[in-house]
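Secondary and tertiary structure notes
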Amino acid sequence: MLLSDRRLILFGGKGGVGKTTMAAACAGLFADQGLRTLLVSTDPAHSTADLLGMPLGNAPRRVRESLWALEIDAEADAEAHVRRIARDAEHSVSPEVLPTLRRHLDLARHSPGTVESAMLDRFAGLIGWGSGAETAGDAWDRIVFDTAPTGHTLRLLALPGLLTTWVEGMVRQRERVRGMDRMLRNLAGREEATADPVVARLRERRDRLRATRARLLADAAFWLVLIPERLAIEETARALRTLEDHDLTVSGLIVNRVLPDEGEGAFLRARLVQQRERMAELAQRFPTRPLLSVAHAAREISAPEDLPDIARQLDAPGRAAQPPM
């Protein structure tokens, strides 16, 4: 099955195209194969819990045999992230500047950058950095991510590469300052300073970012979900270019809500004509990409019992998206 090639499977795309449905169906497939599977939602809309029909929190909850799920609480993770920074700061800055630093941290608590940084830390922990029950190597055979809409997800996936460069610059700058401090201490005949906790923390974060990026490159596959409409196709093309620019593996495209060809009436016939044009466009613009098609269901997908039919369509080997004839 195309979806089972790698341990980390990420579903992305424009908001409202069916990422949550595809991710949940895929996770169910893995669980049916006996693979210990964790379904993770990074989408603040929390649609995964609605679809599974059970409340989900920031820790894995068992859904059924071999399947667990969680919804990342980015705000709570950001609060914890800021508290960790504050604890580190208490041991590395002078007491005089601590009140000012705490005020800045309090403002940063609600910054989008802080939330994304905290989300990245949680993401890194889930895919296998460190140890403990959450890590991919210890607990999960597969981790399936239902991601936020495209822009947010692409920023998250780009962060490891971008922040690694920034952190390395910070380490060099901090080490230059420490080197000057050592020189002044030697001239004054004072004892050597103890190890710098800030440098240690920065190096730890740099290693964490490198490991996260290495895991994404080696063990992650991204499926882009779209519907056969122009705006969704254009956003998919941009996302594909961005992911490739970051050397991330794009396994293929899933075209959701494909109308059956037996429709009647002027309205439906017009939609089918447009759909044929869009499907032909997809085949022309993405000729080397696997295209999976998922039929438009007669009723809305809103409960666990609606997922097996979606899973069967995803699981069909070599299934290609074809325009209705």
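Quick look at the structure, then. Nothing here was measured: the structure is a model prediction, and the numbers come from that model.

Details of the nonpolar core
Nonpolar side chains tend to gather and get buried jointly when the protein is soluble and globular. The biggest cluster of nonpolar side chains holds 72 residues, and the ones touching the most others in it are Phe 11, Val 144, Ile 254, Leu 282 and Leu 314. Among the elements that take part in this core, helix α1 (residues 19-32) stands out by supplying 9 residues, more than any other. In this structure, Ile 254 is in contact with Phe 11, Met 22, Trp 223, Leu 224, Val 225, Leu 226, Leu 292, Val 294 and Leu 314, ignoring residues within four places of it in sequence.

Some points on the pattern of salt bridges
Scanning the model with the defined rule gives 11 salt bridges in all. One salt bridge in this structure joins Asp 247 and Arg 213, with 3.6 Å as the shortest N-O distance. Taken as a pair, Asp 247 in the loop between α9 (230-245) and β7 (250-258) and Arg 213 in helix α8 (residues 197-219) lie far apart in primary sequence, 34 residues in all. The exposure class of Asp 247 is exposed, given its relative accessible area of 51%. One salt bridge connects Glu 234 with Arg 285, and the closest N-O pair in it is separated by 2.8 Å. Here Glu 234, found in helix α9, pairs with Arg 285, found in helix α10 (residues 266-285); they are 51 residues apart in sequence, far enough to count as distant.

A closer look at the side chain of Arg 278
Its location among the elements puts Arg 278 in helix α10. Judged by its relative accessible area of 14%, Arg 278 falls in the buried class. Discounting residues that sit within four places of it in the chain, Arg 278 has contacts with Pro 228, Glu 229, Arg 230 and Ile 233.

About the criteria used
Residues numbered from 1 in each chain as written. Predicted model: local features only at pLDDT ≥ 70, side-chain atom pairs only at ≥ 80, totals over all residues. Heavy atoms only, no water. Core = buried A, V, L, I, M, F, W, Y, C linked by side-chain atoms within 4.5 Å. Buried < 20%, exposed > 50% of the residue type's maximum accessible area, 1.4 Å probe, protein only. Helix = DSSP H or I, 4+ residues; strand = E, 2+ residues; numbered from the N terminus. Contact = heavy atoms within 4.5 Å. Salt bridge = Lys/Arg side-chain N within 4 Å of Asp/Glu carboxyl O.

Remember, this is a structural readout, not a statement about activity or role.
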